[in-house]
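# Coordinates in review
Letter by letter, the chains look like this.
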Amino acid sequence: MPIVPRVGAPLRVRVAGDTSENSYKSRVADLDDEFLYADVPVHQGTGKEMEVHVDTTLVVEYAASENDVYQYRSRVLGLSYIPTPAVRLEHPLKSSDLTRIQRREYFRVSLDAQVKLTCLRTGETYLTHAVDISGGGLAVRTREPVDIQFRDRVGIEVTLPYTGFRLQAMCQVVRIEEEGMGRTLSMQFVDMPERVRDQVVRYTFMRQRALRRR
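Quick caveat, the model's predicted, so the values are computed rather than measured.

### Section: the state of the cysteines
The full count for this structure, using the stated rule, is zero disulfides. Note on Cys-171: no disulfide assigned, nearest cysteine sulfur contributed by Cys-119 at a separation of 12 Å.

Written as structure tokens, this is what we have:
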């Protein structure tokens, strides 16, 4: 039987049919027999709140274990106040298309750490700040212009908080979002050994459990 997320569990949300691949992070604010109430989703890269409109169809994802992610679609049914604003969605078990995805690397958690980037094309090194991370990649934010382009390969170095694990990996830039003088770079890990990926996945689930306890 599918596992229902607990109150406080992280959610990944996107608008159905959005070809820009914008994704938003949220958390389960509450659950009852009919509905799931989610914190107003916040953009993974910019931190801006999603503009919520009734009847918009959202794709909602949540992690059930280290190996399983569940996904379903729900219309936005309205806003509720519990006491802060929360988006009212269909309960996962009321959905006709709840599916289980075996993609442990897919679920992202926020990451507060300095990341050193080295662009293979130019040899230039930059200090950036992490936005989020998953077993599949990470996003960073720069405060000034950097000579890094779409599909560039970049070496990264970052120490994961709480665990002290020093991650060194090769990435490819898969999306760039301009933000004033800086940028948000979304990157995908390339040729990462499974033992290293396992360390990243363990970190993401440790952080998810910590968020649930808040």
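### Observations regarding the side chain of Ser-26
Within the secondary structure layout, Ser-26 lies in strand β2 (residues 24-31). There is a polar contact of 2.6 Å between the side chain of Ser-26 and the backbone oxygen of Asp-39. If we ignore the near neighbours within four places in the chain, the residues touching Ser-26 are Ala-9, Pro-10, Leu-11, Val-13, Ala-38, Asp-39 and Pro-41.

### A short note on the nonpolar core
If you look at the biggest cluster of nonpolar residues, it comprises 28 residues, and the most contacted ones within it are Leu-117, Ile-133, Leu-138, Ile-148, Ile-156, Leu-167 and Met-187. Secondary structure elements with two or more residues in this core: β11 (114-119), β12 (125-134), β13 (137-141), β14 (153-159), β15 (166-179), β16 (182-190) and α1 (194-213). The element that contributes the greatest number of residues to this core is β15, accounting for four residues. In terms of nonpolar packing, the next biggest core, distinct from the first, is built from 18 residues, Tyr-24, Val-28, Leu-58 and Leu-98 among them.

### Thoughts on unusual backbone geometry
Along the chain, Ile-82 connects to Pro-83 via a cis peptide bond; the corresponding omega equals -5 degrees. In this fold, Pro-83 is placed in the loop between β7 (78-81) and β8 (85-90). Even without glycine at this site, Asp-55 takes up a positive phi of about 80 degrees. By secondary structure assignment, the location of Asp-55 is in the loop between β4 (42-43) and β5 (57-63).

### Re the pattern of salt bridges
Following the criterion strictly, the structure yields eleven salt bridges and no others. The salt bridge involving Lys-94 is made with Glu-34; its shortest N-O contact spans 3.7 Å. A residue pair is termed long-range when its members are at least 10 positions apart, and Lys-94 in the loop between β8 and β9 (99-101) and Glu-34 in the loop between β2 and β3 (35-39) qualify at 60 residues. In this structure, Arg-121 and Asp-147 form a salt bridge, with 3.0 Å as the shortest nitrogen-oxygen distance. Of this pair, Arg-121 sits in the loop between β11 and β12 while Asp-147 is found in the loop between β13 and β14, placing the two residues 26 residues apart along the sequence. Relative accessible area serves as the criterion here: at 41%, Arg-121 is assigned to the partly exposed category. For Asp-147, a relative accessible area of 36% gives the class partly exposed. What emerges from the salt-bridge pattern is a single network uniting Arg-12, Arg-14 and Glu-61.

About the thresholds
- Residues numbered from 1 in each chain as written.
- Predicted model: local features only at pLDDT ≥ 70, side-chain atom pairs only at ≥ 80, totals over all residues.
- Heavy atoms only, no water.
- Disulfide = S-S within 2.5 Å.
- Helix = DSSP H or I, 4+ residues; strand = E, 2+ residues; numbered from the N terminus.
- Polar contact = N/O pair within 3.5 Å; in protein donor to acceptor, adjacent residues only side chain to side chain.
- Contact = heavy atoms within 4.5 Å.
- Core = buried A, V, L, I, M, F, W, Y, C linked by side-chain atoms within 4.5 Å.
- Buried < 20%, exposed > 50% of the residue type's maximum accessible area, 1.4 Å probe, protein only.
- Salt bridge = Lys/Arg side-chain N within 4 Å of Asp/Glu carboxyl O.

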